[in-house]
Amino acid sequence: MNSQVTVANVAEIRKQFPVLNQQVNGRNLVYFDNAATTQKPLRVINALIEYYTGYNANIHRGIHTLAERATRAYEETRQAAKDFINANFAEEIIFVRGVTEAINLVASSYGRTFLQLGDEVIISGLEHHSNIVPWQLVCEERRAYLKIIPVLENGELDLDAYQKLLTRQTKIVAVNHASNSLGTINPIKEIIDLAHQAGAVVLIDGAQAGAHLPIDVQQLDCDFYCLSSHKMYGPTGTGILYGKREVLEKMPPYQGGGEMIKEVTFAKTTYNDLPHKFEAGTPNIADTIAFKSAIDFINEIGKENIAAHESTLLAYATEKAGALPGVRIIGQAPHKVSVLSFIIDDIHPFDIGQMLDARGIAVRTGHHCTQPLMDQFGVEGTVRASFAVYNTKDEIDHMMEGLTRIINFMK
Ligand code: 7TS
């Protein structure tokens, strides 16, 4: 495909998403909760059906035909994920449940091993709770300090403040590539380089980047990068942790069990090689296999085409929403993924969400698992519309019409 996504072929793309073709509360569904999870194309759904109807088997252990086929398909996803983020080696790709597990793995294995009393971990004020709480837990245990990069009024990170936070005690910097609440795209290359100059390792939470932004871990030189399949048109319950081989090699296992060992005696256990050292037990085979179909889907359309289409939608929605009376857009960074967060004077975000749902429009309302960020903006939560490749300007018009009615109704 790899051609510009136009409204004409968005119609073709939509046909691959049966779930979009339904009525909710008597209206055509408008699905604008893509930052929470995207819908899945037929090829992903079919990959699941093919696996369960054709070759369901446990992997890496059996020598029978089905087990070999399942193992091959599972490893093909690892290869596809490696290419997708341009990792050096396939064994640098660890399959996990998603970004939350990826961060917990690093905080637990790397953090508990290498953080000492008085060391520092830096995160940012834009983080999802899953990139806050695991660091709080490990800092508390190791008696290390957690420091926060402040967020500017427009939703960008304060890089001058970041530079001042970095010290020789800084051991880990963990920030997102893009913010789920505001859409801000962070200057991660700069953040990574500065952290490395201070001698720290860097984890990038790519949950909101996977389906939208180019990712080249070799060029970025990050030590860890995390992705969730379900935010990239793939199934829930699977995702990847990328780690530089030399960093993963010096980390202890995260969980013990089958698959992650070389030899077990009651006296001593030796651990398996990468990536198996970090993949204890039977993994999420089916969903991981189907994740490859999602990666293929993104590659075939082309991430730059997806991004161009979504940027057009975001610009359109931002302009329209900004013109409505009483609307305040939260997060106006110059570089954003397709997230529009806003509040409306004197109307609670939950009420807006419910009234939009009554018109078949699915948006997210609340704190989006970023309570400290909401506190900074002095709001309890926002309404968030987030766009994907299958969304259209018509759908935005529907939302604007809905919002106009809500504003008039609540006057
Ligand atoms: N980091 C970011 C930036 C996220 O947006 C999310 C999920 C996570 C981490 C956690 O990912 P998970 O796949 O392990 O759950 N964000 C959202 C959201 O914005 N609404 O629902 C989930």
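Quick notes on the rules
Residues numbered from 1 in each chain as written. Predicted model: local features only at pLDDT ≥ 70, side-chain atom pairs only at ≥ 80, totals over all residues. Heavy atoms only, no water. Helix = DSSP H or I, 4+ residues; strand = E, 2+ residues; numbered from the N terminus. Rg over C-alpha atoms; globule rule 2.2 N^0.38 Å. Buried < 20%, exposed > 50% of the residue type's maximum accessible area, 1.4 Å probe, protein only. Axes fitted to C-alpha atoms, helices over the stretch in contact; angles between N-to-C directions. Parallel < 35°, antiparallel > 145°, perpendicular 65-115°, else oblique. Left-handed = near helix turned anticlockwise from the far one by under 90°. Contact = heavy atoms within 4.5 Å. Nonpolar A, V, L, I, M, F, W, Y, C, P; charged D, E, K, R; others polar. Patch = residues over 30% accessible without salt bridge, like charges linked within 9 Å, V, L, I, M, F, W, Y side chains within 5 Å. Areas by Shrake-Rupley, 256 points an atom, 1.4 Å probe, with all protein chains shown as cover. Salt bridge = Lys/Arg side-chain N within 4 Å of Asp/Glu carboxyl O. Near = heavy atom within 4 Å. Polar contact = N/O pair within 3.5 Å; in protein donor to acceptor, adjacent residues only side chain to side chain. 1 Å grid on protein atoms, 1.4 Å probe; cavity = no way out; pocket = protein on both sides within 12 Å on 5 of 7 lines; lining within 4 Å. Sits in = over half its atoms within 2 Å of the grid points. Arc of directions from axis to C-beta. Core = buried A, V, L, I, M, F, W, Y, C linked by side-chain atoms within 4.5 Å. Domains from an automatic or database assignment. Points joined across faces, edges and corners; volume = space filled by probe spheres on them. Pairing = 2+ DSSP bridges.

Asks: Where do I start with the overall build of the protein chain in this structure?
Replies: Helix and strand counts for the protein chain stand at 14 helices and 17 strands. Scaling as 2.2 N^0.38, a compact globule of 411 residues should have a C-alpha radius of gyration of about 22 Å, and the protein chain matches this with 22 Å. With respect to the principal axes defined by its C-alpha atoms, the protein chain has extents near 75 × 55 × 35 Å. With 411 residues in all, the protein chain has 56% of them scored as buried.

Asks: How do you make sense of the packing of helix H11 (residues 303–322) against helix H14 (residues 393–410) when you look at a structure like this?
Replies: A pair of packed helices is characterised by two quantities: the angle between their axes and the separation of those axes. Direction vectors running N to C along H11 and H14 enclose 20°, while the axes themselves pass 10 Å from each other. Judged on the interaxial angle alone, H14 and H11 are roughly parallel. Judged by the twist between their axes, the crossing of H11 over H14 is right-handed. On H14, the residues that touch Thr 312, Leu 313, Tyr 316, Ala 317, Lys 320 and Ala 321 of H11 are Lys 393, Ile 396, Asp 397 and Met 400. Tallied by class, residues from the contact of H11 with H14 come to six nonpolar, one polar and three charged.

Asks: Could you clarify how one ought to interpret a nonpolar patch on the surface in this entry?
Replies: Taken together, the side chains of Leu 42, Ile 45 and Ile 49 make up a nonpolar region of the molecular surface, amounting to roughly 230 Å² of accessible area. Note that Ile 49 resides in helix H2 (residues 42–55).

Asks: Looking at this structure, I do not really get the site of the ligand. What am I missing?
Replies: Around the ligand sit 15 residues in total, of which Thr 100, Asp 205, Gln 208, Ser 228 and Arg 384 are the nearest. Measuring from a nitrogen atom of the ligand, one finds a side-chain N or O atom of Asp 205 at 2.5 Å. A distance of 2.6 Å separates an oxygen atom of the ligand from a polar atom in the side chain of Ser 228. Notes on the ligand: free accessible area 480 Å², of which the protein chains cover 88%. At a threshold of 2 Å from the grid points, most atoms of the ligand map onto the largest pocket. The residue makeup of the shell around the ligand, split by class, is four nonpolar, seven polar and four charged.

Asks: What am I meant to see in helix H7 (residues 188–197) here?
Replies: Since the α-helix packs 3.6 residues into each turn, any two residues three or four apart lie on the same face. Every buried residue of H7 is accounted for by Ile 188, Ile 191, Ile 192, Leu 194 and Ala 195. Take H7 and look down its axis: the buried residues cluster within an arc of 165°, on one side only. Summarising the contacts, the buried residues of H7 are in contact with helix H6 (159–165), strand S7 (170–176), strand S8 (201–205) and helix H8 (217–220). Immediately downstream of H7, the backbone of Gly 199 shows phi near 90°, a positive value.

Asks: What is the right way to look at the nonpolar core in this model?
Replies: One recurring pattern in soluble globular proteins: nonpolar side chains tend to sit buried together. In this structure, Ile 85, Tyr 162, Val 173, Tyr 225, Tyr 233 and Tyr 390 are the most contacted members of the largest nonpolar core, which totals 79 residues. The leading source of residues in this core is helix H10 (residues 285–301), at ten residues. Lining this core are residues from two domains, each supplying at least three of them: domain 1 (7–31 + 302–410) and domain 2 (46–299).

Asks: Sorry, what's going on with the layout of surface pockets here?
Replies: Gaps left between atoms are located by rolling a probe of water-molecule size over the structure's atoms. Estimated volume of the largest pocket: approximately 400 Å³. Along its surface, the largest pocket is lined by 26 residues, and Ala 36, His 128, Asn 180, His 230 and Lys 231 are the ones closest to its centre. Lining the lining of the largest pocket are residues from two domains, each supplying at least three of them: domain 1 (7–31 + 302–410) and domain 2 (46–299).

Asks: Quick question: what am I supposed to make of the pattern of salt bridges here?
Replies: Side chains that differ in charge, positive against negative, can pair when their charged atoms come close. A complete count under the given rule lists 19 salt bridges for this structure. The salt bridge partner of Lys 15 is Glu 12, with a shortest N-O separation of 2.9 Å. A residue pair is termed a helical-turn pair when its members lie 3 or 4 positions apart in one helix, as Lys 15 and Glu 12 do in helix H1 (residues 7–15) at three residues. A salt bridge links Asp 33 to Arg 364, with the nearest nitrogen and oxygen atoms 3.3 Å apart. Here Asp 33 is found in the loop between strand S3 (30–31) and H2, whereas its partner Arg 364 is found in strand S16 (residues 364–366), with 331 residues between them in sequence. Taking relative accessible area as the criterion, Asp 33 reaches 10% and is therefore assigned buried.

Asks: Could you clarify how one ought to interpret the sheet that holds strand S10 (residues 239–243) in this entry?
Replies: Sheet strands associate in pairs through backbone hydrogen bonding, adopting either a parallel or an antiparallel arrangement. As summarised here, the arrangement of the seven strands in space is S4-S10-S9-S8-S7-S5-S6, forming an open sheet in which the pairing is mixed. Every interior strand has two partners, whereas the edge strands, strand S4 (93–96) and strand S6 (145–149), have only one. Recorded for the sheet is a direction-independent mean angle of 20° between the axes of neighbouring strands. In this sheet, S10 lies alongside S4 in antiparallel orientation, the contact comprising four bridges. By the bridge assignment for S10, Val 96 is matched with Gly 239. Lying on the sheet, helix H3 (residues 65–84) is in contact with S4, strand S9 (224–228) and S10; it crosses S4 at an angle near 120°. Strand contacts of helix H5 (residues 133–142): strand S5 (120–124), S6, S7 and S8, with the helix running at about 145° to S6, the strand carrying the most contacts.

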